[in-house]
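Survey of secondary and tertiary structure
Okay, here's what each chain looks like letter by letter:
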Amino acid sequence: MEKKSNYKKFLLLWSGEFISSIGGGLTSFGLSVYVFQKTGSAASMALVALLAFLPVLLLSPPAGVLADKYDRCLLMMIGDGLSAVGLIYILICMFTGGAEVYQICIGVFISAVFSSLLEPSYRAVVTDMLTKDEYSKASGMMSIAGSARYLISPMIAGFLLTVSDVKLLLIIDTCTFIQTVICTAVVKSSRIAKQKKSEESFIKSFKVGWKAITEKKGILIIIIISSVMTCFMGAIEILVEPMILDFQSSKVLGIAETVCASGMLVSSVIIGIFGIKKHFTRVLSISLTMCGLAMIGFGIKENIFVICCFGFMFFFMLPFANNCLDYLTRTNIDADKQGRAWGLISFLSQIGYIFAYAGAGVLADKIAEVRGTGVGRGAAIVIMVSGALLAILALMLLRFRSIRELESGGLDDKTNSK
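Since we're looking at a predicted model, the values are computed, not measured.

**Re the overall build of the protein**
- The secondary structure content of the protein amounts to 19 helices and 0 strands.
- Here the C-alpha atoms of the protein give a radius of gyration of 21 Å, agreeing with the 22 Å that 2.2 N^0.38 yields for 418 residues.
- A burial count over the protein gives 56% of its 418 residues as buried.
- Within the protein, contacts between residues at least 6 apart in sequence are counted, and of these 88% link residues at least 24 apart.
- Counting only carbon and sulfur atoms, one obtains 66% of the accessible surface of the protein, whose full area is about 17200 Å².
- Here the protein contributes 38 positive and 29 negative side-chain charges, whose respective centroids are spaced 6 Å apart.

Right under this line is the structure:
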């Protein structure tokens, strides 16, 4: 039996996450500027980013188990709604005398704990709602939502910081959670799909999830390579702000991030309209190679126009890579195992970010100290080296036959609807 399309309801769910992404981007930008102005250290900024990311990573496997055991939309509502607790804590600290770095770390950590519920449930709900032919377009739309924190948020945040301070950004982000929860609640009430809930124990569920991602060698290889790649790509994610703030204002930083991220918007729209039909492995390799080359160009010169050009190129290629990874994985795992599978995939494929967040900032500060330059140039060197390593690894993808075989080994809609 062919699965019924619920693309319009997907768009409603997507709109809530789009708004949430904008709010999250405002907070991320504002806190980064706040911490850098307070400490002047890339390592301090990286520490905040690490603590905002670590709970999401570590809790994604159990969150994936929960996504297969309980109502996925309800878990999304809990995750989105309670994420505001950490932001409210930071706001209270700021209104009572100014938040120290350790207080910001506590706040983002609390927020991230609840946010960890979101990703596995969101991805699994999308699989529940849509047909196989709609996966690629949906992935493009999800990339657009993800790009909002880089495309829309920085420019808005940069402007707002010229007329107010970071507290206003945190307040706006807190308010966006309300809209997101409402959109998810509407989708939940429409009963878009009958989710087959797992009755297994947590331990057995983990084992089922592990088997789902290891029974096909190609998926396991993709996960391992993705983990290494996220280490290299995490460098630009964490160091772009100290690199630019070292010689420009927060307003210019916001404009530059928006210009760069517009590349993600352009390619996400292209994918959302047309999708990617074939040659997923080749597209994946080419797009990631171009991302690596863009990172090299990104750090070459302390010139905002050069940075924007190569930044645009980096973000333009990123959705193509994400779309291919998403498609190759989603079409090779049973729908009733997707919550557990995505939880483990998120954990394993993003371990590299821990090394990037923990080491990139410290390394940039150290290089700047040794060379006697600003922290921005130290950050640029780390980004360029990471880009070169990413390009080399991306070219190696074409050598793996087991990855290419995933393109013809996907599940059909009948299998996904069981």
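So much for the structure itself; the text now carries on.
**Observations concerning the confidence of the model for the protein**
- Mean pLDDT for the protein: 85, with 93% of residues reaching 70 or above.
- Note on residues 411–418: pLDDT under 50 across the span, and 17 contacts to partners over four residues away in sequence or across chains.

**Remarks on the side chain of serine 111**
- Here serine 111 is to be found in helix H5 (residues 101–115).
- For serine 111, the residues in contact, after removing those within four places along its chain, are Ser83 and Gly86.

**As for the nonpolar core**
- Counting 98 residues, the largest nonpolar core has Ile104, Ile213, Leu239 and Phe314 as the members making the most contacts within it.
- Looking at which element gives the most residues to this core, the answer is helix H11 (residues 217–245), with 16 residues.
- Residues Met76, Val125, Leu130 and Met141 belong to the second largest nonpolar core, which totals 21 residues.

**Some details on the packing of helix H8 (residues 153–163) against helix H12 (residues 250–274)**
- Relative orientation of the contacting elements H8 and H12 amounts to 165 degrees, with a least axis distance of 7 Å. Classed by the angle they form, the pair H8 and H12 counts as roughly antiparallel. Crossing of H8 over H12 shows left-handed handedness. Contacts from Pro154, Met155, Gly158, Leu161 and Thr162 in H8 reach Ser250, Lys251, Gly254, Ile255, Glu257 and Thr258 in H12.
- Partitioned by chemical class, the residues of the contact of H8 with H12 number 4 nonpolar, 5 polar and 2 charged.

**Let's talk about the environment of proline 154**
- Within the secondary structure, proline 154 is located in helix H8.
- Of the residues examined, proline 154 reaches a relative accessible area of 1% and is grouped as buried.
- For the pair proline 154 and leucine 58, spaced 96 residues apart in the sequence, the C-alpha separation amounts to 28 Å.
- Every residue in contact with proline 154, bar those within four places of it in the chain, is listed here: Phe29, Arg149, Gly254, Glu257 and Thr258.

**Remarks on the packing of aromatic side chains**
- Throughout the structure, instances matching the rule amount to 10 aromatic pairs.
- Pairing phenylalanine 53 with tyrosine 357 gives two aromatic rings, centres 5.4 Å apart and planes at 80 degrees, and the pair type is edge-to-face. On the criterion of sequence distance, the pair formed by phenylalanine 53 in helix H2 (residues 42–69) and tyrosine 357 in helix H16 (residues 351–371) is long-range, its members being 304 residues apart. You'll find phenylalanine 53 and tyrosine 357 in the same group, each marked buried.

**Some words on the pattern of salt bridges**
- As enumerated under the stated definition, the model contains 4 salt bridges in all.
- Measuring nitrogen to oxygen at the nearest pair gives 2.7 Å for the salt bridge that ties arginine 123 to aspartate 326. Of this pair, arginine 123 sits in helix H6 (residues 118–129) while aspartate 326 sits in helix H14 (residues 304–330); the two residues are 203 residues apart in sequence, bridging distant segments of the chain.
- Arginine 401 is the partner of glutamate 405 in a salt bridge, and the nearest nitrogen-oxygen pair spans 3.2 Å.

**Thoughts on the environment of arginine 282**
- Tracing the backbone through its elements, the reader meets arginine 282 in helix H13 (residues 280–298).
- Since its relative accessible area comes to 48%, arginine 282 is described here as partly exposed.
- Between the alpha carbons of arginine 282 and methionine 264 there is a distance of 19 Å; along the sequence they are 18 residues apart.

**Section: unusual backbone geometry**
- Of note, the phi angle at histidine 279 is positive, near 55 degrees, even though the residue is not glycine.
- On the secondary structure map, histidine 279 appears in the loop between H12 and H13.
- Looking at histidine 279, the relative accessible area reads 37%, which means it is partly exposed.

**Quick word on H16**
- The end-to-end C-alpha separation of H16 is 30 Å, in line with the 30 Å expected for 21 residues at 1.5 Å each.
- At glycine 359, H16 shows its maximal kink, close to 30 degrees.
- Those residues of H16 not exposed but buried are Gly352, Tyr353, Ala356, Tyr357, Ala360, Gly361, Ala364, Ile367 and Ala368.
- Where H16 is buried, its residues contact H2, H11 and helix H17 (375–396).
- Where H16 terminates, the next one or two residues include glycine 372, which has phi positive at roughly 70 degrees.

Reading guide: rules and limits
- Residues numbered from 1 in each chain as written.
- Predicted model: local features only at pLDDT ≥ 70, side-chain atom pairs only at ≥ 80, totals over all residues.
- Heavy atoms only, no water.
- Helix = DSSP H or I, 4+ residues; strand = E, 2+ residues; numbered from the N terminus.
- Rg over C-alpha atoms; globule rule 2.2 N^0.38 Å.
- Buried < 20%, exposed > 50% of the residue type's maximum accessible area, 1.4 Å probe, protein only.
- Contact = heavy atoms within 4.5 Å.
- Areas by Shrake-Rupley, 256 points an atom, 1.4 Å probe, with all protein chains shown as cover.
- Lys, Arg positive; Asp, Glu negative; His and termini not counted.
- Charge placed at Lys NZ, Arg CZ, Asp CG, Glu CD.
- pLDDT = per-residue confidence, 0-100.
- Core = buried A, V, L, I, M, F, W, Y, C linked by side-chain atoms within 4.5 Å.
- Axes fitted to C-alpha atoms, helices over the stretch in contact; angles between N-to-C directions.
- Parallel < 35°, antiparallel > 145°, perpendicular 65-115°, else oblique.
- Left-handed = near helix turned anticlockwise from the far one by under 90°.
- Nonpolar A, V, L, I, M, F, W, Y, C, P; charged D, E, K, R; others polar.
- Phe/Tyr/Trp six-rings, centres within 6.5 Å; stacked < 30°, edge-to-face > 60°.
- Salt bridge = Lys/Arg side-chain N within 4 Å of Asp/Glu carboxyl O.
- Expected span 1.5 Å × (residues − 1).
- Bend = angle between axes of the 7 residues up to and from the residue.

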